[in-house]
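Next come the chains, spelled out residue by residue.
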Amino acid sequence: MNMITHSLTVILAALTSSLSAESGMNFGARMEQALSASVKMLTHVIHAMLQEMDDAIAKDAMRMKDWQIIRIDERTLTTNFGELHFKRRYYRHKESGK
């Protein structure tokens, strides 16, 4: 199971649990928990998408011919959903050095 599917499965289970009648919470508390679970899900999905895109670029045979990975940095983006932490590869062209 890929990262995105796994994240969605885990968060949707938490969301379903918080919205069930057996949770014993009032409506406002349920909505807060639903919002929190939704934000968490979006953050996980966006992180997984960025990771998969970076991995796909790094594994592309055409790019590997001309480009070399020079470093991997951890980045942080501040979004409407909170801080998003991810790793990103940086490349240098083998011939031009750019």
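Residues numbered from 1 in each chain as written. Predicted model: local features only at pLDDT ≥ 70, side-chain atom pairs only at ≥ 80, totals over all residues. Heavy atoms only, no water.

Section: the overall build of the protein chain
Scanning the protein chain for helices and strands turns up three helices and two strands. Starting at the N terminus, the α and β elements of the protein chain follow one another as α-α-α-β-β. Here the C-alpha atoms of the protein chain give a radius of gyration of 19 Å, more than 25% beyond the 13 Å that 2.2 N^0.38 yields for 98 residues. Structurally, the protein chain occupies a C-alpha span of about 65 × 30 × 15 Å along its principal axes. The burial tally for the protein chain puts 18% of its 98 residues in the buried class. A separation of at least 24 residues holds for 48% of the contacts in the protein chain among residues at least 6 apart in sequence. (Helix = DSSP H or I, 4+ residues; strand = E, 2+ residues; numbered from the N terminus. Rg over C-alpha atoms; globule rule 2.2 N^0.38 Å. Buried < 20%, exposed > 50% of the residue type's maximum accessible area, 1.4 Å probe, protein only. Contact = heavy atoms within 4.5 Å.)

A word on helix H1 (residues 3–19)
Along its 17 residues, H1 runs 24 Å from first to last C-alpha, staying within 8% of the 24 Å computed at 1.5 Å per residue. For H1, the complete set of buried residues consists of Ile 4, Ser 7, Ile 11, Leu 15 and Ser 18. Summarising the axial view, the buried residues of H1 lie within an arc of 65°, below the 170-degree limit, and thus occupy one face. Lining the buried residues of H1 we find helix H2 (27–59). (Expected span 1.5 Å × (residues − 1). Arc of directions from axis to C-beta.)

Considerations on H2
An ideal rise of 1.5 Å per residue puts 48 Å on 33 residues; H2 measures up with 47 Å between its terminal C-alpha atoms. If you check which residues of H2 are buried, you get Arg 30, Ala 34, Ala 37, Met 41, Val 45, Ala 48, Asp 54 and Ala 58. Packed against the buried residues of H2 are H1, helix H3 (61–66), strand S1 (67–79) and strand S2 (82–93). Its side-chain oxygen 3.2 Å from the backbone nitrogen of Gly 28, Asn 26 forms the N-cap of H2. (Polar contact = N/O pair within 3.5 Å; in protein donor to acceptor, adjacent residues only side chain to side chain.)

Here we look at the pattern of salt bridges
When the charged atoms of two side chains lie near each other, side chains of opposite charge can form a pair. Here the structure, examined in full by the defined rule, presents four salt bridges. Across the pair Asp 55 and Arg 89 runs a salt bridge whose closest N-O atoms are separated by 3.1 Å. Placement of the pair is Asp 55 in helix H2 and Arg 89 in strand S2, with a sequence separation of 34 residues. Of the residues examined, Arg 89 reaches a relative accessible area of 17% and is grouped as buried. Salt bridges sharing partners connect three or more residues here, namely Asp 54, Asp 55 and Arg 89. (Salt bridge = Lys/Arg side-chain N within 4 Å of Asp/Glu carboxyl O.)

Some remarks on the pairing of S2
With 12 bridges connecting them, S1 and S2 associate as antiparallel partners. When the sheet's bridge partners are listed, Trp 67 is paired in S2 with His 93. Joining the antiparallel neighbours S1 and S2 is a turn of two residues. (Pairing = 2+ DSSP bridges.)

A word on the packing of aromatic side chains
Centre-to-centre distance and the angle between the planes together describe a pair of aromatic rings. Tallying each qualifying case throughout the model produces zero aromatic pairs. The ring of Tyr 90 carries Arg 71 above its face, with NZ or CZ at 4.3 Å from the centroid. (Phe/Tyr/Trp six-rings, centres within 6.5 Å; stacked < 30°, edge-to-face > 60°. Lys NZ or Arg CZ within 6 Å of the ring centre and 35° of its normal.)

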